[in-house]
Amino acid sequence: MIEFRDVTYAYPGALSPVLNHLNMSIEDGEFILVVGPSGAGKSTLLRCLNGLVPHFYGGRFGGQVQVFGDDPLEKEPREMSHVVGFVFQDPETQFVVGTVEGELAFAMENHNLSPLLMRKRVEEVLDQLNIAHLRNREVSTLSGGEKQRVAIASVLTLSPRVLVLDEPTSQLDPQAAEEILTTLQKVNADLGLTIILSEHRLERVVQYADRILYMPGVGQEPISGSPQEVLQHIDLTPPLITLAKELGWDEIPLTIKAGRKQVRRMPLMAEILSSEIHPSTAGSEQGDAPQSPSPITMENVWFSYNGHDALRGVSLSVRPGEFIALMGRNGSGKTTLLKQILGLLRPKRGTVRVYGLDTSHTDLEHIVSHVGYVPQNPGSLLFAETVREELDFTRLSHKLPKGDYVPLLTQLGLAAHAESYPRDLSVGERQRVALATILVADPEIILLDEPTRGLDYVQKRSLAHLLQKQKAEGHTVLMATHDVELVATCADRVIILGDGEVIVDGPAREVMAGSMVFASQINKLFRDPRFLTVEDVLHAVGSRKSPS
Amino acid sequence: MRHHVLSWSLWALAALMPTLMTRNPLYLLITVLAVALGYAQHQGKTGAAWGTFLRAGLMLWVLTVPFNALFVHHGDIVIFSLPRSWPFIGGPITLEAVIYGTVSGLALFTILLIFATYNAQVSHYELLRHTPGFLYQASLVTSIAITFVPQMLASANDIREAQMVRGHKFRKLRDMLPLFMPLLTSGLERAVQLAESMESRGFGGNLAPVSWRQAMAQRLATLLGLVGLLIGFFLSAYFPQRSQPGWIIAGMGGILLLGVFRVQGSRVQRSRYHRSTWSGEDTIIATASALVLAIFTSAKLLAPQMLSYYPYPPFPLTPDFNPLLGGILSLLAVPALLYELSPDNGPRLSRPPSFPRAPSINHQTRTYQ
């Protein structure tokens, strides 16, 4: 059993504690989901379990923690590794030795286990996690999902009682995330391992959890209870649950299947679903565009990295003011396509034109005066002392005068942070600062690469709102993403790439409604192109109710 | 990895020693051919990475020739002359200098090729597992650094691109700040995450307890070893005519320090996981390599003139060739021959698991719980 008694902790130099008189207990074999907004202390709580807090970070610690009879305060993380296996967020940064089998053996070697026992455990864990075929591979050659499974395997070889995972799927595509979560469910069920997982994508994981621990904010008391109980009381909920609450369903469904049962009980919904699809809501091509010139055109573009074709005959034309989502598996060519538009990569064959400029024969300087690009990792952009200086830097680089940034920062919810050090901000805030550094030059085209990585629902909602605003102002937006919910909310058109080729290109509603993988939760619930988001459903329900 | 890391290590040593001992172009050519056979077999897997390295090696070789010819004006066979008034490079350009440059470049290229082949055949971690206990920490740090470099380069490229798209131009050193700051901070963040991960997997624990007396003895021995090294180097540097006593003292100091490291290293209770096994082929490679090493070391000690080659007068321009030495050197091609003769050319380690199986316990393995 795990017990926190009156735990208070503050990081070195922090004025207020992250954890404030925290009390909780976790039973053996439970699957606990830790949720809450970014910066609420989820990672800190998890790190208390193996003593990384306070041994690794320092700071002030009060209270008591007991993990299956061991006290992480007394013991150090390395001694606790027998009891607590810890898996981190980024699959890239937790490997030491480079080969899969080497990684699996590393912890056991540190604990001086006998070679015979090591052999046995390595084989068992390889089979348990279904990664025996990867045993001789170099870790650097694995996909994100495979890396994360190796990371889990590498702590399981010590046979810990608890597996703690700090947002293990936030860097992965939906398929890889699914792999990880089913793996966790399996080890929880088969081995009876206690699992404590922090996660933003509730829609994927909530069905597996026995209990949710919701951390509302820095120093505030957490709420704990069954998934249904907790989700009833919090704002950070996936679309299915938000809809259930809005429609006042008596039971909160945790899966699409359970949701369908509830839908069947609603005569009004049945009536709406059986009515004819109105052409305006079924989604159609925008009719007003052909006159205006296309800001981006790609004609039969081929590109290869080290002999591997990353783009194969891609042709597309973007209309001004369009919001396009680029979707597809990791490695399907999304980022390569964005870099082609920027002129950072040049096609081996074919042409890319941005406002008529052929990127193969145009200086980057001319292209970037039209196009802004927010990379996957906002940290790649931020280097200055304050947010204001970051914005000045972009303006000056574009040979524009410094300006008044208050309206932009207010719009992005960053008004209070103009003088803050960008790297001290939360993940969501940093993402918005990166966006601000691009928007401040007022580019006509905005390119975004995975803008929702590591963002919670509230941050995602505010990002979606902001991007819609950009579109309304006439900006053309191209966004590479795995986030189907964001696409359902914002995009007009979806392009799905597969192995460097355009597989599907069409209006968002049509494409998402017709897809098995890229459908939003609400669309999976109704399987009807009229309903992609909670708003779509509420709107339909509202308009049915009001005339009658 | 097809063969045991130790047999490959012995092979690499056997290939390196003659290359360092002789400038005889015929022996160097035999070595380069034997090693190149081994390299070619691995080219499909890691050739791309090492190909660039070897191309740089070839460039280096090509540059050595004019460099030697322009700066060394010794020799009888003059190809042409440059005006004496030209600083450094003025004077006769001789055939001897061109040949010596070519041979030196060949030796350099051979060393690089041996290094590339060894790296392509041996896994870093397998090598790390075979380092003596007291060198484990240092080797691990090196191994992490090796994996860190490509990550760092990739992230530098991402940052550079992102800043360029933001309108920034990298022209002067001052313009590098938007590249260096994110690179430094992301590098540090990554290092902290790795440290957390290592600590969470039990790294750095399990030190055997040591008595007060043992601890004092170790400190005293460290101090003596360091003082010995210092005095030894001082004596040999200030009395170059009679440097022997100095070297002896420094050597004793060094041995004492190594002893302390060994004792301290043995305190870390750590076991080693092995799956590679020593096979008959490994014995053949090791024997061939040992033979090359033994014959060439004996030749160097007993008849150094057999290995020497110096094209400048009064020595002959054409190299000597001893068929026995040449034949022995060709034994370096044994791993390549074994590979060709082997009925299945697949990697040995990928055989299906058949556990539990008697583990190959390394002689370094310590007490178990």
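Residues numbered from 1 in each chain as written. Chains lettered and ligands numbered in written order. Predicted model: local features only at pLDDT ≥ 70, side-chain atom pairs only at ≥ 80, totals over all residues.

## As for the overall build of chain A
Point 1. Helix and strand counts for chain A come out as 23 helices and 19 strands.
Point 2. Relative to the globule expectation of 24 Å for 548 residues, the C-alpha radius of gyration of chain A, 25 Å, shows essentially globular dimensions.
Point 3. Here the C-alpha coordinates of chain A stretch approximately 75 × 60 × 50 Å along the principal axes.
Point 4. Taken across its 548 residues, chain A has 52% of its residues classed as buried. (Helix = DSSP H or I, 4+ residues; strand = E, 2+ residues; numbered from the N terminus. Rg over C-alpha atoms; globule rule 2.2 N^0.38 Å. Buried ≥ 20, exposed ≤ 12 C-beta atoms within 10 Å, placed from the backbone.)

## Details of the overall build of chain B
Point 1. Assigned secondary structure in chain B consists of 11 helices and two strands.
Point 2. Listed by position from the N terminus, the elements making up chain B come as α-α-β-β-α-α-α-α-α-α-α-α-α.
Point 3. Across the 369 residues of chain B, 30% fall into the buried class.

## Observations concerning the environment of A:Val35
All names here are of chain A.
Point 1. Mapped onto the elements of the fold, Val 35 is located in strand S3 (residues 31-35).
Point 2. Here Val 35 falls in the buried class, since 29 other C-beta atoms lie within 10 Å of it.
Point 3. Along the backbone, Val 35 and His 361 are 326 residues apart, and their C-alpha atoms lie at a distance of 50 Å.
Point 4. Setting aside chain neighbours within four positions, we find Val 35 in contact with Glu 199, Leu 202, Ile 212, Tyr 214 and Leu 236. (Contact = placed C-beta atoms within 7 Å.)

## Quick notes on the interface of chain B and chain A
Point 1. Counting from both sides, the interface comprises 56 residues of chain B and, opposite them, 57 residues of chain A.
Point 2. Mapped onto the side of chain B that touches chain A, the elements with two or more residues apiece are helix H4 (124-129), helix H5 (136-165) and helix H6 (177-200) of chain B.
Point 3. The biggest single contributor to the side of chain B that touches chain A is H6(B), with 14 residues.

## Remarks on the domain arrangement of chain A
Residue and element names in this part refer to chain A.
Point 1. If you check the domain split of chain A, you get domain 1 (2-236) and domain 2 (296-535).
Point 2. Here domain 1 and domain 2 have C-alpha centroids that lie 32 Å from each other.
Point 3. Opposite the 14 residues of domain 1 that make contact, domain 2 presents 14 residues.
Point 4. Counted by class, the side of domain 1 that touches domain 2 contains three nonpolar, eight polar and three charged residues. (Domains from an automatic or database assignment. Nonpolar A, V, L, I, M, F, W, Y, C, P; charged D, E, K, R; others polar.)

## A short note on the domain arrangement of chain B
Point 1. Parsing chain B into structural domains produces domain 1 (5-130 + 277-347), domain 2 (133-199) and domain 3 (212-265).
Point 2. Here domain 1 of chain B and domain 3 of chain B have C-alpha centroids that lie 35 Å from each other.

## Things to note about the sheet that holds strand S19 (residues 501-507) of chain A
Residues and elements named next belong to chain A.
Point 1. If you walk across this open sheet you meet the six strands as S15-S16-S17-S12-S18-S19, and the pairing is mixed. Two strands in the sheet have a free side with no partner beyond their single neighbour: strand S15 (371-374) and S19. Adjacent strand axes in the sheet meet at a mean angle of 15 degrees, parallel and antiparallel pairs treated alike.
Point 2. In this sheet, S19 lies alongside strand S18 (residues 493-498) in antiparallel orientation, the contact comprising six bridges. Opposite Val 494, over in S19, you have Gly 506 as the bridge partner. (Pairing = 2+ DSSP bridges. Axes fitted to C-alpha atoms, helices over the stretch in contact; angles between N-to-C directions.)

## Concerning the environment of B:Phe80
All names here are of chain B.
Point 1. Its place among the elements puts Phe 80 in strand S1 (residues 78-82).
Point 2. On the basis of neighbour counts, which here come to 7 C-beta atoms within 10 Å, the residue Phe 80 falls in the exposed class.
Point 3. For Phe 80 and Tyr 312, which are 232 residues apart along the polypeptide, the C-alpha to C-alpha distance reads 17 Å.

## Thoughts on the packing of helix H7 (residues 212-238) of chain B against helix H8 (residues 244-265) of chain B
Residues and elements named next belong to chain B.
Point 1. Two elements in contact, H7 and H8, have axes separated by 7 Å at closest approach and are oriented at 155 degrees. Here H8 runs roughly antiparallel to H7, going by the angle between their axes. The element H7 and its partner H8 pack so that their crossing is left-handed.
Point 2. A class-by-class count of the residues in the contact of H7 with H8 yields 17 nonpolar, 11 polar and no charged. (Parallel < 35°, antiparallel > 145°, perpendicular 65-115°, else oblique. Left-handed = near helix turned anticlockwise from the far one by under 90°.)

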